[in-house]
Amino acid sequence: MLNLNRSAFNYYRHRQVLVTGAAGFLGSHLVDALLQSGANVIGVDNFITGRKQNLSWALKQPQFQLIEADAIQAPTTYLTETDTAQVDVVFHFASPASPPRYQQHPVETYLVNSFGTHQLLDWLKQFHPQARFIYASSSEVYGDPEVHPQPESYWGNVNPNGPRSCYDEGKRLGETICGVWQRDFQLDVRIARFFNTYGPRLDPDDGRVISNFIKQAKQQKPLTIYGEGSQTRSYCYVDDLIRAVLLFGALPDLKGKTLNLGNPQEYTVRETAKIIWQLINPNRKLKLQFKPFPKDDPQRRQPNIDLAKKLLDWQPEIDFKTGIKLTAEKFS
Ligand code: UDP
């Protein structure tokens with residue numbers, strides 16, 4: 001269970017919270033933490049990449065309701081008036097998220113991030129104009145960055161028409177839509193840009209680097225390195241990220257803010273492979289298999305989290321090795 005001993009988390013007590021993408025990796029951890037904080041939660045998921053097993057604890061809680069629906073649709077089509085007599089906070093987390101998965105579902109990906117965001121904000125303006133809306137954006141808005149580490153002020157370097165664009169440009173358009181409804185219609189919209197996050201409930205088949213490496217190392221198969229493995233990523237353990245998300249939703253006066261949320265500890269993919277292999281197979285020689293470098297794969301990525309530290313009084317606490325141990329223990 002997450003350590004929620006900060007007074008800010010009391011904000012959620014008896015609040016009505018809607019979470020789209022509730023059965024996903026991040027969405028399900030968020031739902032659990034909200035329930036722990038005393039919120040009443042409605043979770044929405046269409047299960048194209050979410051997994052019901054992620055909600056096994058939440059589904060036993062009386063303050064949780066799960067609705068199978070597509071967040072591209074207008075909320076009035078899947079929520080009843082009783083469901084939504086009051087809505088205090090919406091977390092829009094629905095979207096395929098790993099590169100293989102969003103490339104399998106490109107239309108759903110750009111639609112849920114763009115039109116899905118529009119639908120939710122339009123509905124909030126009509127029925128719950130005081131609610132807070134937290135949008136799950138991504139470090140992918142920076143594309144293959146030319147500024148390193150990436151501050152929120154950087155506009156990014158994104159290919160508008162490549163294999164990753166459905167996600168990158170979907171998230172960017174999602175941010176545009178958030179900006180419009182915040183500026184022009186005065187909604188309380190907050191944008192969180194997540195950097196690579198890992199932890200229990202990562203889908204072993206989602207093709208991400210951490211899921212692949214843990215799965216391969218457990219089976220003592222060679223770890224697949226794309227390219228030479230010199231590209232970097234900065235990995236955040238899920239509990240650290242969820243604490244930040246909860247604070248971002250709970251604290252007053254953050255309307256219109258965009259925050260990078262992640263862990264700035266940066267590793268090359270080769271270093272990542274070595275660490276994961278050694279933790280899982282301490283007495284065996286590292287086995288690697290090299291595969292082609294994917295098109296438009298960012299060469300490096302590291303968040304500048306100065307703003308989140310200042311505004312949320314937060315920083316990541318779990319180092320990479322500890323986080324990998326916790327993840328590998330529960331990996332299935
Ligand atoms: N990667 C890799 N081997 C794998 C899976 C991914 O070398 O089996 C690389 C991938 O090319 C990228 C990095 O690891 O440079 C992170 O990939 P991931 O799919 O986890 O997420 P991304 O940050 O690219 O969205």
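Scroll up a little and you will see the structure.
Quick look at the structure, then.

Basis of the calculations
- Residues numbered from 1 in each chain as written.
- Predicted model: local features only at pLDDT ≥ 70, side-chain atom pairs only at ≥ 80, totals over all residues.
- Heavy atoms only, no water.
- Near = heavy atom within 4 Å.
- Polar contact = N/O pair within 3.5 Å; in protein donor to acceptor, adjacent residues only side chain to side chain.
- Areas by Shrake-Rupley, 256 points an atom, 1.4 Å probe, with all protein chains shown as cover.
- Helix = DSSP H or I, 4+ residues; strand = E, 2+ residues; numbered from the N terminus.
- Pairing = 2+ DSSP bridges.
- Axes fitted to C-alpha atoms, helices over the stretch in contact; angles between N-to-C directions.
- Contact = heavy atoms within 4.5 Å.
- Buried < 20%, exposed > 50% of the residue type's maximum accessible area, 1.4 Å probe, protein only.
- Right-handed = clockwise from strand over helix to strand, strands pointing away.

1. Overview of the site of the ligand
Taken together, 18 residues sit near the ligand, with Val-209, Thr-224, Arg-233, Asp-297 and Arg-301 positioned nearest. Arg-164 places a polar side-chain atom, nitrogen or oxygen, 2.9 Å from an oxygen atom of the ligand. A distance of 2.7 Å separates an oxygen atom of the ligand from a polar atom in the side chain of Arg-301. When the ligand is considered free in solution it has 520 Å² of accessible area, and contact with the protein chains removes 96% of it. Put simply, the parts of the chain that give the shell around the ligand at least two residues each are α7 (209–218) and β8 (223–226).

2. A short note on the sheet that holds strand β3 (residues 64–68)
Here we have 7 strands laid out as an open sheet, ordered β3-β2-β1-β4-β5-β6-β11, and parallel in their pairing. Each end of this open sheet is capped by a strand with a single partner; those strands are β3 and β11 (258–261). Strand-to-strand twist in this sheet, taken as the mean axis angle between neighbours without regard to direction, amounts to 20 degrees. Here 5 bridges tie strand β2 (residues 40–45) to β3, and the two strands are oriented parallel to one another. The residue bridging Val-44 from the neighbouring strand is Ile-67, located in β3. Its contacts with the sheet place helix α5 (residues 115–127) against β1 (16–20), β4 (89–92), β5 (132–138) and β6 (188–194), and it is angled at close to 175 degrees to β4.

3. A short note on the pairing of β2
Across the 6 residues that make up β2, a large majority, 5, are buried. Relative to β2, β1 runs parallel, the two being bridged by 5 bridges. Each residue of the ladder has a partner; that of Gln-16, found in β2, is Asn-40. Traced from β1 through helix α1 (residues 25–36) to β2, the parallel crossover comes out right-handed.

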